[in-house]
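# A structural walkthrough
Residues per chain, in single letters:
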Amino acid sequence: MTRATTETPLKKRIKRHVIGRERLFFAATAPGLETICQEELKVLLPSGTPMAIVEGGVEFKGRLHDCYLANLNLRTANRLLMRIESFHAANFRELEKKLTAVPWELFLLPGTPTHIRVTARHSRLYHKDAVAGRVQTSIAFCFAQNEFSEEASPEPTVTQQIFVRLSDNRVTLSIDSSGDLLHKRGIKPCTAKAPIRETLAAAALILSGYTGTEPLVDPMCGSGTFAIEAALIARKIPPGRFRDFAFMQWPSFQPKRWQHMIQAAEKKIVRTNTPFIFASDRDDRAARELEDSVTQHDLSGIIAVSIRDFFDLSPTELTNSPGLVTLNPPFGRRLGSRRESEALFLSVCERLQKEYKGWKFVLIAPNLRLAGMVPFRSTTHLLPHGGLKVALMTGRIPDKFIS
Ligand SMILES: C[S@@+](CC[C@H](N)C(=O)[O-])C[C@H]1O[C@@H](n2cnc3c(N)ncnc32)[C@H](O)[C@@H]1O
């Protein structure tokens, strides 16, 4: 006997307008990472998915399922926004009128705390707080006018972020589907001194041509960002596997669909018990914390952590075949004095030249001047890192040096 499913009118509308309809999504990235993110999206989404690089990220058309997929798998995006509405408004009356028509109940559960983030340029409406206030009021009004709690749902615990972009008197409303920024993988504790962002580390690995099959040495690992990102790539573990997302508290969330996606991803995970990612640091606390995270997240089969000084370590102790060495030495304004970090940087290059012949490298330099002093050929990318611009260099250390 089949049981008739009673679908409330609201559920039907959510199915029609949110789940079943193609929408515009925006994967926001750090400047310089847009192209890599677009390449990631091309692999993830069905071929022919309309997408384009726009200022600050990549826009694409897709369904809610694609939004789940992108959140779970993108390594280089900061967050993923879903477009709600876009309309013209050049004064507050017009804005209020248009906002009244927004069906917030399709995007927010009753009682959801919201945070409104406004950006404005070339628009007559430029007072951000006043605009945010109007949006907040329209949400409150929508839920006060209508009885949407047709079915008991758990009290929302996540603050949903609504992004309002005003540009040339056009208002674009979007909702953040990610919640915490996507570089927060849910693996490491946030206690390290100067960690590199996971999104930047992943981009560096991608730029270096890391395949996930060759050995990797991260000999100044700190919190181990390079090592962990590499392990996720090598074992085909989705970077979002260990965290939650804001969309899980949307009225459109389909837990079964999500579970299905996770199970499918789980089946592709590669198991290994021969570590070929070697992370070390001379700071015993950093190494111990990393060791804990690695064990907790079942990564000890692939990452070996040790307390070692980079200058006493030779990669031949770890592996016979050259692979990728990733180095993010401490620098200037973030760790140690400028002169110290420059001297350290140059000795790092010397050590690489002596011990890592034939290895591919990812090297982070504090500035372009130092990057220019690297004694082997490299490709330099200028990327944002903790409010600074750093030079990220990739290349291969030659087998022989001509002096
Ligand atoms: C900028 S931090 C690395 C951050 C790391 N990429 C992360 O994401 O957390 C630099 C690290 O180099 C380590 N370090 C400095 N000199 C070292 C040396 N001679 N040998 C090994 N580690 C060293 C420091 O202890 C620090 O953890």
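A brief look at the structure comes next. Just so you know, the residues in each chain are numbered from 1, in the order the chain's sequence is written. The predicted origin of the model limits local features to residues at a pLDDT of at least 70 and limits the giving and counting of side-chain atom pairs to 80 or more, whereas totals for whole chains, interfaces and linings rest on all residues. With hydrogens and water stripped out, all remaining heavy atoms of the structure feed into the side-chain values.

### Observations concerning the nonpolar core
Generally speaking, a soluble globular protein has its nonpolar side chains buried in company with each other. For clarity, the cut-off: Nonpolar cores were defined as sets of buried Ala, Val, Leu, Ile, Met, Phe, Trp, Tyr and Cys residues, with membership established by side-chain atoms within 4.5 Å. Classification of residues uses two cut-offs on accessible area relative to the type maximum, computed with a 1.4 Å probe and protein chains only: under 20% is buried, over 50% is exposed, and between them is partly exposed. Contact criterion: two residues are considered in contact whenever any of their non-hydrogen atoms come within 4.5 Å of each other.
Counting 56 residues, the largest nonpolar core has Leu-41, Trp-104, Ile-162, Val-164, Leu-173 and Trp-258 as the members making the most contacts within it. Those residues in contact with Leu-41 that sit more than four places away from it in its chain are Ala-27, Met-51, Val-58, Phe-60, Ala-70 and Leu-74. Ranked by size, the runner-up nonpolar core spans 40 residues in total, among them Ile-187, Ile-196, Ile-237 and Ile-302.

### Topic: the pattern of salt bridges
Here is the rule we go by: Salt bridges are defined as contacts in which a side-chain nitrogen from Lys or Arg sits within 4 Å of a carboxyl oxygen from Asp or Glu. Put simply, DSSP marks the helices as runs of H or I at least four residues long and the strands as runs of E at least two long, and each gets a number from the N terminus on.
Tallied over the entire structure, the rule returns 19 salt bridges. Across the salt bridge formed by Glu-59 and Arg-83, the nearest N and O atoms sit 3.5 Å from each other. Placement of the pair is Glu-59 in strand 3 (residues 57-62) and Arg-83 in strand 4 (residues 79-88), with a sequence separation of 24 residues. Assessed through its relative accessible area of 23%, Glu-59 is described here as partly exposed. For Glu-355, the salt bridge is made with Arg-351, and the minimal N-O distance between the two is 3.8 Å. Highlighted residues: Glu-355 and Arg-351, both in helix 10 (residues 338-355), separated by 4 residues, approximately one helical turn. When its relative accessible area of 15% is taken as the criterion, Arg-351 is described as buried. When salt bridges that share partners are traced, they join Arg-351, Lys-354 and Glu-355 into one network.

### Section: the sheet that holds strand 8 (residues 216-218)
What counts is decided by this rule: A pair of strands is labelled paired if DSSP reports no fewer than 2 bridges between them. Angular values range over 0 to 180 degrees, each being the angle between N-to-C directions of two axes fitted as lines to C-alpha atoms, with helices fitted over their stretch in contact.
On the basis of which strands lie adjacent, the open sheet formed by 7 strands has the order 10-9-8-11-12-14-13 and mixed pairing. The open sheet is flanked by strand 10 (303-307) and strand 13 (379-385), the only strands paired with a single partner. Ignoring which end each strand starts from, the neighbouring axes of this sheet average 20° apart. Strands strand 8, strand 11 (324-327), strand 12 (360-365), strand 13 and strand 14 (388-396) of the sheet are contacted by helix 6 (residues 198-208), whose axis makes an angle of about 30° with strand 14.

### Re the site of the ligand
Which entries qualify depends on this criterion: By convention in this text, a residue qualifies as near a molecule or strand provided that one of its non-hydrogen atoms is within 4 Å of it. N or O atoms within 3.5 Å of each other form a polar contact, as long as, within protein, one can give a hydrogen and the other can take it, and as long as residues adjacent in sequence are counted only when both atoms are side-chain atoms. Each accessible area is a Shrake-Rupley estimate made with a 1.4 Å probe; only the visible protein chains count as cover when residues are assessed. Polar here means any residue outside two lists: the nonpolar Ala, Val, Leu, Ile, Met, Phe, Trp, Tyr, Cys and Pro, and the charged Asp, Glu, Lys and Arg; Gly therefore counts as polar.
As a matter of local geometry, the ligand sits amid 21 residues, with Ser-223, Thr-225, Asp-281, Phe-310 and Asn-328 nearest to it. Between the ligand and Ile-196, the relevant distance is 3.0 Å, taken from an oxygen atom to a main-chain nitrogen or oxygen of the residue. Between Ser-223 and the ligand, the recorded distance is 2.6 Å, taken from a side-chain N or O atom to an oxygen atom. If the ligand stood free it would expose 610 Å²; the protein chains cover 93% of that surface. The class makeup of the residues in the shell around the ligand is 11 nonpolar, 5 polar and 5 charged.

### Side note on unusual backbone geometry
Positive phi, normally seen in glycine, also occurs at Asn-169, with a value near 65°. Residue placement: Asn-169 occurs in the loop between strand 6 (160-167) and strand 7 (170-176). We classify Asn-169 as buried; its relative accessible area is 16%. Of note in this structure, Asp-298 is not a glycine but carries a positive phi near 60°. With respect to the secondary-structure elements, Asp-298 resides in the loop between helix 9 (284-296) and strand 10.

### Regarding helix 3 (residues 64-73)
Burial of helix 3 is extensive: 8 of the 10 residues sit out of reach of the surface. For helix 3, the full list of buried residues reads Leu-64, Asp-66, Cys-67, Tyr-68, Leu-69, Ala-70, Asn-71 and Leu-72. Here the buried face of helix 3 lies against helix 1 (9-19), strand 1 (23-28), helix 2 (34-44), strand 3, strand 4 and helix 8 (255-268).

### A word on the packing of helix 2 against helix 3
Threshold: Orientation categories follow fixed angle ranges, with anything under 35 degrees roughly parallel, anything over 145 roughly antiparallel, 65 to 115 roughly perpendicular, and all other angles oblique. For a crossing to be left-handed, the near helix must be turned anticlockwise from the far one by less than a right angle; the clockwise case is right-handed.
Close contact between helix 2 and helix 3 brings their axes to 11 Å; oriented N to C, the two are set at 125°. Viewed along their axes, helix 2 and helix 3 adopt a mutual orientation that is oblique. With respect to the hand of their crossing, helix 2 and helix 3 are arranged in right-handed fashion. Counting all contacts with helix 2, which are made through Glu-40, Leu-41 and Leu-44, the residues of helix 3 involved are Leu-69, Ala-70 and Asn-73. Of the residues belonging to the contact of helix 2 with helix 3, the class tally is 4 nonpolar, 1 polar and 1 charged.

### Points about the state of the cysteines
Quick note on the threshold: Note on terminology: disulfide denotes any pair of cysteine sulfur atoms within 2.5 Å.
One pass over the structure, following the stated rule, counts 0 disulfides. With no disulfide of its own, Cys-37 has Cys-67 as its nearest cysteine by sulfur position, at a separation of 13 Å. On the accessibility criterion, Cys-67 (0% relative accessible area) is buried.

All we've got here are geometric facts, nothing functional implied.
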